[in-house]
Amino acid sequence: MSSYVVVGGGILGASTAFHLAKFGVKVTLVDRQDKGQASAAAAGIICPWISQRRNKKWYELVKNGAKYYKQLVAELEELGENTTGYKQVGAIALQNDEKKLQKMLERALEKRMDAPEIGELKILSPEETKEKFPIISGEWHALFVEGGARVDGKAMRDALINGAKKLGAEIVYGEAVWKNNELWIDGVRTDAEAVILTAGAWGNEIPSTLGLDLNVTFQKAQIMHFQLENDMSTGEWPVVLPPTNQYMLSFENGQVVAGSTYEENTGYDFQVTEEGKKELLDNAISVAKSLKDEKIKEVRVGFRPYTPDFLPVLGKLEGQHGFYFANGLGASGLTAGPFVGSELAKLVLGRETILELEKYTPN
């Protein structure tokens, strides 16, 4: 039987391994468990339809990614993986400029024509907004998007890895290197039909040994987690999109997450900084003033990977027999990662894909 090796066990690599295993092939997922892995740190907003970003190739990724979640979660639950961290709770996009709010609604209505999963769209008064997310300060109007969802990156990654194992995949927590024209996993030479590189912020390492520079860069992100003292039922609150690039969401049992920073040129510095904490707290209080009095449970750090033009890439590496590469999902990683993994698995096995993958080639 042909064997396949996936290098990098974030949400993209985990999804790729899961889908390869689902197709019945022999697959090994290798992950070093580096500190700062983006998937493990992130809490994701699944609501790509109201973005003002105009890149159509990016939008195809995230639109399909959002749509794919329900199918994927159902498949994982059939395997007994019931803790996926995903829940459709709706989203509220905050805005106090009536013209901007109306334009946001018009964009969403237009996109709903080919993305019916957007669901109900409704402009909310400040009272209705606060009813949806009770700790929100009382001055915000909002657009409610029924199809919006949240996802816990670590929980979804773990569910995908567990699902892959149940389907026969081997999981190795160690290091894969390419030397002397051979792949070695923890010092053992490994034969594989294909090697799929999904190493995120560390994505340049193996390509560089192949003589390639794929220009993977990354941003450091810090994300703040609060624990509300009052016994509030927070599990059904929608995700919150302020009129900035920040976000807020909640999980069960009084957990509220506010993110995130976007820090350049930090290197692999996974330390929480006082400057980052202040930025996160100030932004959170600007949306929900009461958070200034709540307990900060933790601050997580992750490295979001990017490729040139901030457009994710996936495909076969030309001139490199059996090597495939996917990277650069950036802040869209939790939205697009599971879907991109499914597409990558189909590409590797010569199956028909949904995307026109020539638009995303790493070359």
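Scroll up for the structure.
Everything in this summary refers to the structure shown in the same document. Model, not experiment: these values are computed from the prediction.

## A closer look at helix α3 (residues 56-78)
Stage number 1. The end-to-end C-alpha separation of α3 is 34 Å, in line with the 33 Å expected for 23 residues at 1.5 Å each.
Stage number 2. Its maximal kink placed at Tyr 68, α3 deviates by approximately 35 degrees.
Stage number 3. The backbone nitrogen of Lys 57 has a side-chain oxygen 3.0 Å away, supplied by the residue at the start of α3, namely Asn 55.
Stage number 4. Positive backbone phi, at 90 degrees, marks Gly 80, one or two positions downstream of α3.

## Points about the packing of aromatic side chains
Aromatic ring pairs: the centre-centre distance and the angle between the two ring planes describe each pair.
Stage number 1. Summed over the entire model, instances satisfying the criterion amount to 10 aromatic pairs.
Stage number 2. Aromatic side chains Trp 202 and Phe 303 sit 6.2 Å apart centroid to centroid with 80 degrees between the ring planes, which places their arrangement in the edge-to-face category. Highlighted residues: Trp 202 in the loop between β13 (194-197) and α7 (205-209) and Phe 303 in strand β18 (residues 295-306), separated in sequence by 101 residues.
Stage number 3. Grouping aromatic residues by their ring pairs yields a cluster made of Trp 202, Phe 218, Tyr 268 and Phe 303.

## Re helix α8 (residues 274-287)
Stage number 1. In a regular helix each residue adds 1.5 Å, so 14 residues correspond to 20 Å; α8 covers 20 Å between its end C-alpha atoms and thus fits that length.
Stage number 2. Turning to α8, its buried residues number three or more, namely Gly 276, Leu 280, Ala 284 and Val 287. With its buried residues spanning 60 degrees around the axis, α8 presents them on a single face. Exposed residues lying more than 90 degrees from the buried face of α8 are Glu 274, Glu 275 and Lys 278.
Stage number 3. Where the residues of α8 are buried, they touch β5 (91-95), β14 (217-227), β15 (239-241), β16 (247-251), β17 (255-259) and β18.

## Some remarks on the packing of helix α1 (residues 11-22) against helix α6 (residues 153-166)
Describing two packed helices takes the angle between their axes plus the distance from one axis to the other.
Stage number 1. Their axes nearest at 8 Å, the elements α1 and α6 cross at an angle of 25 degrees. Taken as axis vectors, α1 and α6 run roughly parallel relative to one another. Seen from above, α1 lies across α6 with left-handed handedness. Across from Ile 11, Ala 14, Ser 15, Ala 17, Phe 18 and Ala 21 in α1, the residues of α6 making contact are Met 156, Arg 157, Leu 160, Ile 161, Gly 163 and Ala 164.
Stage number 2. Classifying every residue of the contact of α1 with α6 by side-chain character gives 9 nonpolar, 2 polar and 1 charged.

## Notes on the sheet that holds strand β1 (residues 3-7)
Stage number 1. Overall, mixed pairing links the 6 strands, which are arranged β9-β2-β1-β13-β20-β19 in an open sheet. Of all the strands in the sheet, the pair left with one neighbour each is β9 (170-173) and β19 (313-316). Geometrically, the sheet is characterised by an average inter-axis angle of 15 degrees between neighbouring strands, direction not taken into account.
Stage number 2. In this sheet, strand β20 (residues 323-327) lies alongside β19 in antiparallel orientation, the contact comprising 4 bridges. Its bridge partner being in β20, Val 313 is matched across the sheet by Asn 327.
Stage number 3. Relative to strand β2 (residues 26-31), α1 is tilted by about 165 degrees, and along the sheet it contacts β1, β2, β13 and β20.

## Thoughts on the pattern of salt bridges
Stage number 1. Under the definition given, this model contains 22 salt bridges.
Stage number 2. A salt bridge links Lys 154 to Asp 158; its shortest N-O distance comes to 3.2 Å. Of this pair, Lys 154 and Asp 158 both sit in helix α6, 4 residues apart, roughly one helical turn.
Stage number 3. Relative accessible area serves as the criterion here: at 24%, Asp 158 is assigned to the partly exposed category.
Stage number 4. Taken together, the salt bridges that share partners define one network made up of Arg 32, Asp 34, Glu 175 and Glu 205.

## Section: the environment of Ile 92
Stage number 1. Residue position: Ile 92 is located in strand β5.
Stage number 2. We classify Ile 92 as buried; its relative accessible area is 0%.
Stage number 3. Through-space distance from the C-alpha of Ile 92 to that of Leu 143 is 5.4 Å; in sequence the pair is 51 residues apart.
Stage number 4. The residues contacting Ile 92, other than those within four sequence positions of it, are Leu 124, Thr 129, Phe 133, Ala 142, Leu 143, Phe 144, Pro 238, Val 239, Val 240 and Leu 241.

## Structural notes on the sheet that holds strand β10 (residues 176-179)
Stage number 1. The strand order across the open sheet formed by 3 strands is β10-β11-β12, and the pairing between neighbours is antiparallel. On the outer flanks of this sheet lie β10 and β12 (188-190), each paired with one strand and no other. The sheet shows a mean angle of 40 degrees between the axes of neighbouring strands, taken without regard to direction.
Stage number 2. Sheet analysis places strand β11 (residues 182-185) next to β12, joined by 3 bridges and oriented antiparallel. Residue Ile 185 lies in a different strand from β12, and its bridge partner there is Val 188.

Definitions and cut-offs
Residues numbered from 1 in each chain as written. Predicted model: local features only at pLDDT ≥ 70, side-chain atom pairs only at ≥ 80, totals over all residues. Heavy atoms only, no water. Helix = DSSP H or I, 4+ residues; strand = E, 2+ residues; numbered from the N terminus. Expected span 1.5 Å × (residues − 1). Bend = angle between axes of the 7 residues up to and from the residue. Polar contact = N/O pair within 3.5 Å; in protein donor to acceptor, adjacent residues only side chain to side chain. Phe/Tyr/Trp six-rings, centres within 6.5 Å; stacked < 30°, edge-to-face > 60°. Buried < 20%, exposed > 50% of the residue type's maximum accessible area, 1.4 Å probe, protein only. Arc of directions from axis to C-beta. Contact = heavy atoms within 4.5 Å. Axes fitted to C-alpha atoms, helices over the stretch in contact; angles between N-to-C directions. Parallel < 35°, antiparallel > 145°, perpendicular 65-115°, else oblique. Left-handed = near helix turned anticlockwise from the far one by under 90°. Nonpolar A, V, L, I, M, F, W, Y, C, P; charged D, E, K, R; others polar. Pairing = 2+ DSSP bridges. Salt bridge = Lys/Arg side-chain N within 4 Å of Asp/Glu carboxyl O.

Function cannot be inferred from these measures alone, as they are strictly geometric.
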